[in-house]
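The lines below spell out each chain.
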Amino acid sequence: MQVTTKVRVTLELMHELAMRGSQGPTSLASIAWKLGVSLSYLEILCRSLRAKGLIVATRGPGGGYSLAQDPSEMTVYEVIRAVELPGRLVGDGFNRPAVGEEDLVTMGLYERAEREIAEFLSQVTLRDLFPSATQSPSQLKNVAAISFERMLERMNRDLTPA
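Predicted model only: the values in this text are computed from it and were never measured.

A. The nonpolar core, seen in detail. Within the largest apolar cluster, 30 residues are counted, with the highest numbers of intra-cluster contacts made by Leu13, Met14, Leu17, Leu42, Leu49, Ile55 and Val76. Every element with two or more residues in this core is listed here: helix 1 (5–19), helix 2 (28–35), helix 3 (39–51), strand 2 (64–67), helix 4 (76–83), helix 5 (101–122) and helix 6 (126–129). For this core, the element with the highest residue contribution is helix 1, accounting for 6 residues.

B. Representation of helix 4. Burial of helix 4 is extensive: 6 of the 8 residues sit out of reach of the surface. Here helix 4 has its buried residues at Val76, Val79, Ile80, Arg81, Ala82 and Val83.

C. Expanded view of the side chain of Thr75. Relative to the helices and strands, Thr75 resides in the loop between strand 2 and helix 4. Note on Thr75: relative accessible area 13%, which makes it buried. Residue contacts for Thr75: discarding those within four places in its chain leaves Leu121, Ser122, Val124 and Thr125.

D. Main features of the environment of Leu35. Mapped onto the elements, Leu35 comes out in helix 2. As a C-alpha pair, Leu35 and Glu16 span 19 residues in sequence and 9.2 Å in three-dimensional space. Once residues within four sequence positions are removed from consideration, Leu35 is found in contact with Val9, Glu12, Leu13 and Glu16.

E. Representation of the side chain of Thr26. Following the sequence through the fold, Thr26 ends up in the loop between helix 1 and helix 2. Leave out the neighbours within four places in its chain, and Thr26 touches Leu17, Arg20, Ile31, Gly63, Gly64 and Tyr65.

F. Spatial organisation of the pattern of salt bridges. In the structure shown here, the tally under the stated rule is 6 salt bridges. Here Glu12 ties to Arg8 by a salt bridge, and the two come within 3.2 Å at their closest N and O atoms. In this pair, Glu12 and Arg8 are both assigned in helix 1, 4 residues apart and thus about one turn of the helix distant. The partly exposed category is assigned to Arg8, whose relative accessible area is 38%. Notably, a salt bridge pairs Asp70 with Arg127, separated by 3.8 Å at the nearest N-O pair.

G. Here's a closer look at the packing of helix 1 against helix 4. For the pair helix 1 and helix 4, interaxial distance at closest approach is 10 Å and the crossing angle is 125°. As the angle between them shows, helix 1 and helix 4 are arranged oblique. For the crossing formed where helix 1 meets helix 4, the hand is right-handed. Contact residues: Lys6, Val7, Thr10, Leu11 and Met14 in helix 1; Val76, Val79, Ile80 and Val83 in helix 4.

Calculation notes
- Sequence order sets the numbering: in each chain, residues are counted from 1 along the sequence as written.
- Where local features are concerned, this predicted model is filtered to residues with pLDDT of at least 70; where side-chain atom pairs are given and counted, the filter is 80 or more; whole-chain, interface and lining totals use all residues.
- With hydrogens and water excluded, all non-hydrogen atoms of the structure serve as input to the side-chain values.
- For our purposes a nonpolar core is just a set of buried Ala, Val, Leu, Ile, Met, Phe, Trp, Tyr and Cys residues, chained together by side-chain atoms within 4.5 Å.
- For every residue, the accessible area obtained with a 1.4 Å probe (protein chains only) is divided by the maximum for its type, and the residue is called buried under 20%, exposed over 50%, and partly exposed between those limits.
- To qualify as a helix, a DSSP run of H or I must reach at least 4 residues; to qualify as a strand, a run of E must reach at least 2; elements of each kind are numbered from the N terminus.
- The contact rule is simple, with two residues in contact once any of their heavy atoms fall within 4.5 Å.
- Any Lys or Arg side-chain nitrogen found within 4 Å of a carboxyl oxygen on Asp or Glu counts as a salt bridge.
- The axes used here are C-alpha line fits, helices contributing only the stretch in contact, and every angle between their N-to-C directions lies in the interval 0 to 180 degrees.
- Here the angle decides the label: under 35 degrees means roughly parallel, over 145 means roughly antiparallel, 65 to 115 means roughly perpendicular, and every other value means oblique.
- Helix crossings get a hand from a simple test, with the near helix turned counterclockwise from the far one by less than a right angle marking a left-handed crossing and a clockwise turn marking a right-handed one.

None of this, on its own, says anything about what the molecule does.
In structure tokens:
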């Protein structure tokens, strides 16, 4: 599984909004500067997140974006689905038609991996991912890596013949 830049930046954006939640709406310009990404890129991501009801926009002076719900009520899977197409959690497997019998076997593996990852990410809330508003991005990477390793161990255990 390869996490796309779009997913990484979206999760970092959601982390910033969760972190600043008690301060009211946050301007995208300040988040863009902090994350080192363009404002227009964040605007594109925010359109998708707003369309899915994950964030809300406040206009006017002091306006900006904030989470639509408490982080404990939003899953990582919902956030990813807001910005990424179905079948993109695992990789390239769904993006080309099956040609031979070997491809059909591989497609089945991709489909199973996609379901397992989706199920796992549906159980992880933003609160789980960002338990403390003071966590640094490096700490978040460690939490995500440990969680992902546990999921891979479970998949490996399930796929190993008894």
